[in-house]
Amino acid sequence: MKILTRLITPQYRLIWLCAVLFSALFNFAFFKHFIKAFPLSQGNTAFVISVAIFLVAAHALVFSLLGGRLFTKIVLILGFFIGASAAYFSWTYGVVIDTTMLQNMWQTDTAEAFGLLSIKLVLVMLIGAVLPAYLIGKTSLNYQSIWLEIRAKALSIVLALFIIVLALLPFSANYASFFREYKSVRFYSAPLFPIYSFSKFFKTAHKDLLKPAEQMINVVPDAKIEHKNSNKHSLIVLIVGETGRADHFSLNGYHRPTNPQLSQRKGVISFSHMTSCGTSTAVSVPCMFSSDPRRDFDSKSIYNKLNVLDTLKENNVAVLWRDNNSSSKGVAERVEYQSYKSSDLNTICNPECRDTGMLVGLDDYVKQHAKQDIVVVLHSMGSHGPEYYKRYPEKFAQFAPVCKSNQLDKCSSEQIINAYDNTILFTDHFIDQSIDWLDTYSGQYETALLYISDHGESLGEDDIYLHGMPYAFAPEVQKHVAAIAWLNDSSPFKYQDVVKNKDLPFSQDNFYCSVLSLLEVNTHHCSHNDSIFFTQENTQK
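Residues numbered from 1 in each chain as written. Predicted model: local features only at pLDDT ≥ 70, side-chain atom pairs only at ≥ 80, totals over all residues. Heavy atoms only, no water.

**What about the pairing of strand 8 (residues 446-453)?**
- For strand 8, the buried fraction is high: eight of the eight residues fall into the buried class.
- Here eight bridges tie strand 2 (residues 234-241) to strand 8, and the two strands are oriented parallel to one another. From the neighbouring strand, Leu-235 faces strand 8, where its bridge partner is Thr-447. (Buried < 20%, exposed > 50% of the residue type's maximum accessible area, 1.4 Å probe, protein only. Helix = DSSP H or I, 4+ residues; strand = E, 2+ residues; numbered from the N terminus. Pairing = 2+ DSSP bridges.)

Listed below in C-alpha cells is the structure:
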C-alpha cells in the first residue's frame, strides 16, 4: 500500500478520494433500486458490497482517464455539480438524467427552470457541489514531472481495472443478470451515467441545423387537397396538450368528474388507447408532427424532413402556431408563430398566463385568411408539473387539499392527485372553450378539433414523479395519453363513423396522417386506416 501511495501522485490520490465520495454521496437512488432488484433478505449482501466497490473503481477509472495536469480539478468539480444535481432529481422525483432529459433541460425556459427550484435543491448543491469545489480548489496537488504523472495515471487506470475485475469474478452470474435484466437501475448511477449522457447528447446536438423548406426532404410531394363533399374551406384547431395522462380523464372512465363540460357536449370522441411517441415534450412534439413513426424518429428528423405543418403550408393552408408552453421544439420554424407565455400577447394572466388566452383574437386571423384553409395549433401549458397548483385559476380548485410545493415527495399522494386533477378540469374547460369558438364558424367552414397530449405523467407511483423516463422502461402512465376529437355536421368526417374507433390502439404515429385527413389531403404516404378518423366500413370493403 505504501508503494502505491508513493507511485500514485497527489492528483490521482484526490481522484480516488473523490471516487469514494461520488459513490457514497450521489448513489442513494441507485442502491435503492438495486436493492429492490437484489434484496438483502435473499442473501445478496456480499453482492451489494461488490457493486459498491465496483462503483468506486468505475468512477476512479473514468476520472483517471479524464484527469491530467490541466484538467483534474475541473473534471472533479464538474463531477460534484453533475452528481449532486442528478442525485437530487433522482431521489426527489425518481427521474434519470439521460439524453432525453438533457434535451428537455436544453430546451426549457426560465419559468420552467425556476419551477423546479427549492431550498432543498439549493442546500444539496451548496453541500454536495459548492463546498467540495471550494475544497478541491484549495487543495495543492504538487504536480510531479510529466513522466511521473503519466506513470501515476497508467497505474491508477490499471488499479481501477484490477479492482473491477476482482469485484466481478466472484459474482459473475449476478452481474450478468444485473446488466442484462436491470438496465434501468444503471441509469441512476451518478455522476457516471449523466456524464455518459452529456457526451452522447452533445455529439448529436442539432440546434444550428435548421434549414429553409426548399433544402429539406419533402416526404409527400404528391400531397393535394381535395374537398370532396363541400365547397367550404376548412378551419381546424389542433391542441397539443401537456402532461395529460389518459387515466385521469373521466371521458376514459376515471372515477372523478374531471371532464364535466366535454362529457355534456355532442360530437366529442375520446380515443382511450392512445400512446405517445416519447415521454417528454422535446421528443413527442417533433415526433407527432413528423412523417417518421416512433421507431424511425430521431432528433435529426425535424431538421431534414418537412413536417405536416410544412406540407399544409406548401398546399396554401394558413397555419398559425400559438404557444403557451416552452416552444414548438422546432416544429413551427417555417409557419407563423406567436408566444402567449407573457402578457405581451396573452390577455388572460393571473398571474400565470392561461391557455384560454390563446383563443383571444383568433377571429382576426380567420378574417385575414378568409380565402384559405386554416389550421390553428394551440400548444397548451396543460398540467405541467411539478407545480400543478399553478396551472389553473382558483375557481377550478375543486379537489382539495392540494400540494403547493415543487417537492412532490414532501406531499401526500392525495394532495398531488388533487392538484393534478384540478389541472385536468381546467384542460377540459380550455378544450370546451376552443370548441365553442370553433363552432361559431361551422356554417362557413368545415370545422373539427383534435387534442392530443404530448406525454403522460407519474404522480408518485413506485416513487416516480413527473415524466421523461427512458421510453423502454418508462411506466405506462407516462406513455398512455389523452386524445380527444370534436366533430359536428360541418366536419369532414361523421361522428357516428369515427366514434367506432374510440377504443382502438392508436399512437401518435397516427397524428401525421390524421391531420392531413382533416384537411382532406390525399397522398400515397397515408393509407385509409393511418388516420384515427378512418371509417371501418370502408376498410372492410
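**Some remarks on unusual backbone geometry**
- Omega for the peptide link from Ala-190 to Pro-191 comes to 5°, which places this bond in the cis form.
- Examined against the element boundaries, Pro-191 turns out to sit in the loop between helix 11 (183-186) and helix 12 (192-203).
- The residue after Ala-400, namely Pro-401, is reached through a cis peptide bond having omega 0°.
- Along the chain, Pro-401 falls in the loop between strand 7 (374-379) and helix 17 (413-439).

**Considerations on the packing of aromatic side chains**
- Tallied over the entire structure, the rule returns 35 aromatic pairs.
- Here the aromatic rings of Phe-187 and Phe-193 are separated by 4.4 Å at their centres, their planes lie at 20°, and the arrangement is stacked.
- Judged by relative accessible area, Phe-187 falls into the buried class, the value being 12%.
- An aromatic cluster is built from Phe-30, Phe-31, Phe-34, Phe-38, Phe-47, Phe-54, Phe-171, Tyr-175, Phe-178 and Phe-179, whose rings are joined through pairwise contacts.
- Above the face of the Phe-399 ring, Arg-256 is positioned so that its terminal group lies 4.3 Å from the ring centre. (Phe/Tyr/Trp six-rings, centres within 6.5 Å; stacked < 30°, edge-to-face > 60°. Lys NZ or Arg CZ within 6 Å of the ring centre and 35° of its normal.)

**Some thoughts on the state of the cysteines**
- For the structure on display, the rule yields four disulfides.
- Residue pairing for Cys-277: its cysteine sulfur links by disulfide to Cys-287, the two sulfurs lying 1.8 Å apart. Judged by the torsion about the S-S bond (70°), the Cys-277/Cys-287 disulfide is right-handed. One end of the pair, Cys-277, is in the loop between strand 4 (274-275) and helix 13 (281-289); the other, Cys-287, is in helix 13, and ten residues separate them in sequence. The burial state of Cys-277 is the same as that of Cys-287; both residues are buried.
- Two residues share a disulfide in this structure: Cys-349 and Cys-353, whose sulfurs sit 2.1 Å from each other. In this structure the cystine formed by Cys-349 and Cys-353 twists about its S-S bond by roughly 95°; its chirality is therefore right-handed.
- Classification of Cys-349 by relative accessible area gives partly exposed; the value is 27%.
- Given a relative accessible area of 8%, Cys-353 falls into the buried group.
- The connectivity of the disulfides in the chain is 1-2, 3-4, 5-6, 7-8, where the numbers refer to bonded cysteines in sequence order. (Disulfide = S-S within 2.5 Å.)

**A word on the side chain of Thr-427**
- Within the fold, Thr-427 resides in helix 17.
- In this structure Thr-427 touches Phe-249, Gly-382, Ser-383 and Tyr-451, once residues within four positions along its chain are discounted. (Contact = heavy atoms within 4.5 Å.)

**Here we look at the pairing of strand 7**
- For strand 7, the buried fraction is high: six of the six residues fall into the buried class.
- Along strand 7, one buried face is formed by Ile-374, Val-376 and Leu-378 and the opposite face, lined by Val-375, Val-377 and His-379, is buried too.
- As paired strands, strand 2 and strand 7 are joined by six bridges and run parallel to one another. Within strand 7, the residue paired with Ile-236 across the bridge is Val-375.
- The sheet contact formed by strand 5 (residues 318-323) and strand 7 spans six bridges and is parallel.

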